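Secondary and tertiary structure notes
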Amino acid sequence: QIADGESLSQQQKQQRELFGTNLVAKWVKEAKEDLEEIQEMLTKALDDDSSMPPIPVAPPTRAPTRPTPAPPPPTSVPVPLPPTTSAPTFTCGVSPEERSRTITSDLSTVSNEADIEEAGSPQNLALNWLLSEDGLYLCPDSPTLIQRYVAAVFYYSSIGDGWTQCS
């Protein structure tokens, strides 16, 4: 009887190992399928402009026009020009530095601040892309800012630069 008990125990161990191995393989397969589905949806969402609300664009501003004064008569003493007092205009109504600070602060509600600040992390790469490379140049109050940031974090988390196909 002891021999039967030992072989049964050995058989149970083998079944458990096989079950565990099959279960892990199943989970890996399902995770890969989910990732492919998410990548496809993300690619479509980023490529499909209709899924994003229109981004308001302010009309271009013109520099104020003044009549050109007649040139002064020649003098031997240089005459200083009056200073120009027009203030710079910014796309979002704030300086680029203020835009960067505000966006970084807003995104710390979504990601851990340490992850955002860690050079090379997906969160840091996504933030830098939003601030410097994204052609949409979103303003801090944009309703799609966090959505776009999360998509970029996913892209960098899944080594998007290494993707070989986008389908």
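Going by the structure above, here's the rest.
Residues numbered from 1 in each chain as written. Predicted model: local features only at pLDDT ≥ 70, side-chain atom pairs only at ≥ 80, totals over all residues. Heavy atoms only, no water.

**Brief notes about the overall build of the protein chain**
Threshold: Helical segments are the DSSP runs of H or I of at least four residues, strand segments are the runs of E of at least two, and each set is numbered from the N terminus. Each residue gets one of three labels from its accessible area relative to the maximum for its type: buried under 20%, exposed over 50%, partly exposed in between, using a 1.4 Å probe on protein chains only. Every residue pair with non-hydrogen atoms within 4.5 Å of one another is taken to be in contact. Here the accessible surface of atoms and residues is derived via Shrake-Rupley with a 1.4 Å probe, and residues count as covered only by protein chains that are part of the display.
Within the protein chain, the regular secondary structure consists of five helices and zero strands. Listed by position from the N terminus, the elements making up the protein chain come as α-α-α-α-α. In the protein chain, buried positions account for 19% of the 167 residues. Relative to all contacts within the protein chain whose residues are 6 or more apart in sequence, the contacts with residues 24 or more apart total 64%. Surface accessibility of the protein chain: about 13,400 Å² in total, with carbon and sulfur atoms responsible for 58%.

**Focus: the pattern of salt bridges**
Applicable threshold: The working definition used for a salt bridge is a side-chain nitrogen of Lys or Arg within 4 Å of a carboxyl oxygen of Asp or Glu.
Counting across every chain of the model gives two salt bridges. Of the charged contacts, one joins Glu 98 and Arg 101 as a salt bridge, the two residues approaching to 2.9 Å between their closest N and O atoms. On the criterion of helical spacing, the pair formed by Glu 98 and Arg 101 is a turn pair, its members being three residues apart in helix H2 (residues 96-107). Taking relative accessible area as the criterion, Arg 101 reaches 52% and is therefore assigned exposed. One salt bridge in this structure joins Asp 134 and Arg 148, with 2.7 Å as the shortest N-O distance. With Asp 134 in the loop between helix H4 (122-133) and helix H5 (145-157) and Arg 148 in helix H5, this pair connects stretches of sequence that are 14 residues apart. Side by side, Asp 134 and Arg 148 carry an identical accessibility label, which is buried.

**Considerations on a negative patch on the surface**
Note the threshold: Within this analysis, patches are made of residues with over 30% relative accessible area and no salt bridge. Like charges are joined at 9 Å or less; nonpolar side chains (Val, Leu, Ile, Met, Phe, Trp, Tyr) at 5 Å or less. In this tally, Asp and Glu contribute negative charge and Lys and Arg positive charge; neither His nor the terminal groups of the chain are included. Charged side chains are reduced to one point each, which is NZ for Lys, CZ for Arg, CG for Asp and CD for Glu.
On the surface, Glu 30, Glu 33, Asp 34, Glu 36 and Glu 37 cluster together into a negatively charged patch. Counting through the fold element by element, Glu 37 comes out in helix H1 (residues 2-47). The class of Glu 37 is partly exposed, set by a relative accessible area of 47%.

**Remarks on the packing of H2 against H4**
Note the following rule: Angular values range over 0 to 180 degrees, each being the angle between N-to-C directions of two axes fitted as lines to C-alpha atoms, with helices fitted over their stretch in contact. Between 65 and 115 degrees an angle is taken as roughly perpendicular, under 35 as roughly parallel, over 145 as roughly antiparallel, and anywhere else as oblique. Crossing handedness is defined as follows: a turn of the near helix away from the far one that is anticlockwise and smaller than a right angle gives a left-handed crossing, while the clockwise case is right-handed. Gly is placed with the polar residues, together with every amino acid not listed as nonpolar (Ala, Val, Leu, Ile, Met, Phe, Trp, Tyr, Cys and Pro) or charged (Asp, Glu, Lys and Arg).
Where H2 contacts H4, the axes come no closer than 11 Å and their chain directions differ by 150°. One finds that H2 runs roughly antiparallel with respect to H4. Crossing of H2 over H4 shows right-handed handedness. Across from Arg 99, Ser 100, Ile 103, Thr 104 and Leu 107 in H2, the residues of H4 making contact are Leu 127, Leu 130 and Leu 131. For the contact of H2 with H4, the class distribution of residues is five nonpolar, two polar and one charged.

**Observations regarding H4**
The condition that has to hold: Note that the arc is defined by the directions from the helix axis to the C-beta atoms.
Turning to H4, its buried residues are Gln 123, Asn 124, Ala 126, Leu 127, Leu 130 and Leu 131. Across the axial projection of H4, the buried residues extend over an arc of 165°, all falling on one side. Exposed residues lying more than 90 degrees from the buried face of H4 are Ser 132 and Glu 133.

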